[in-house]
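Summary of structural features
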Amino acid sequence: MQITPDTLPDLALCLMVERKRQGLSRAQAAAVCNVSTSFIRDAESDPGACSLALMVRLTRGLGIQLEATHWSSEATQDKEVKP
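So, how was this worked out
Residues numbered from 1 in each chain as written. Predicted model: local features only at pLDDT ≥ 70, side-chain atom pairs only at ≥ 80, totals over all residues. Heavy atoms only, no water. Axes fitted to C-alpha atoms, helices over the stretch in contact; angles between N-to-C directions. Helix = DSSP H or I, 4+ residues; strand = E, 2+ residues; numbered from the N terminus. Parallel < 35°, antiparallel > 145°, perpendicular 65-115°, else oblique. Contact = heavy atoms within 4.5 Å. Nonpolar A, V, L, I, M, F, W, Y, C, P; charged D, E, K, R; others polar. Salt bridge = Lys/Arg side-chain N within 4 Å of Asp/Glu carboxyl O. Buried < 20%, exposed > 50% of the residue type's maximum accessible area, 1.4 Å probe, protein only. Core = buried A, V, L, I, M, F, W, Y, C linked by side-chain atoms within 4.5 Å. Arc of directions from axis to C-beta.

**Some words on the packing of helix α1 (residues 8–21) against helix α3 (residues 37–45)**
Two numbers describe how α1 lies on α3: the axes approach to 6 Å, and their chain directions differ by 130°. Accordingly, the angle class assigned to the pair α1 and α3 is oblique. Across the interface between the two elements, A12, L15, M16 and R19 from α1 touch I40, A43, E44 and S45 from α3. Taken together, the residues of the contact of α1 with α3 sort by class into five nonpolar, one polar and two charged.

**Thoughts on unusual backbone geometry**
Although it is not a glycine, N34 sits at a positive phi angle of roughly 60°. For N34, the location among the structural elements is in the loop between α2 (26–33) and α3.

**Here we look at the pattern of salt bridges**
Tallying each qualifying case throughout the model produces four salt bridges. The partner of E44 in a salt bridge is R26, with the nearest N and O atoms 3.1 Å apart. Taken together, the residues span a long stretch of sequence, with E44 in helix α3 and R26 in helix α2 at a distance of 18 residues. A residue is classified by how much of its surface remains accessible, and E44, at 10% relative accessible area, is buried. Exposure remark for R26: the relative accessible area of 30% places this residue in the partly exposed category. Between D42 and R41 there is a salt bridge, with the nearest N and O atoms lying 3.2 Å from each other.

**Some remarks on the nonpolar core**
Core analysis: the largest hydrophobic core is formed by 14 residues, its most contacted members being L15, F39, A43, M55 and L58. Listing elements by their share of this core, those giving two or more residues are α1, α2, α3 and α4 (52–61).

**Observations concerning α4**
For α4, the complete set of buried residues consists of M55, L58 and T59. Taken down its axis, α4 places every buried residue within 95° of arc, on the same side. Exposed side chains of α4 directed beyond 90 degrees from the buried face belong to A53 and R60. Looking at the buried residues of α4, the elements they touch are α1, α2 and α3. Once α4 ends, the next one or two residues include G63, with phi positive near 80°.

In short, shape yes, function no, at least from these values alone.
See the structure below:
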């Protein structure tokens, strides 16, 4: 799935479906992913309003891989980020 503002509702649905597929309640998923239960609720209803860092923690905890493509390797080699 390519994640864009338009596909965030699909992402929310995928997160909920995967959590339920694994047989996890929101509280159990929160414990596994080291996030709050309210964050699970928010991610499943409006992921666009959620912190990227916590979204990464949630997806990793559920075994979902996120990948950034077309990333410049030069940008990661520089110590300073220049505008």
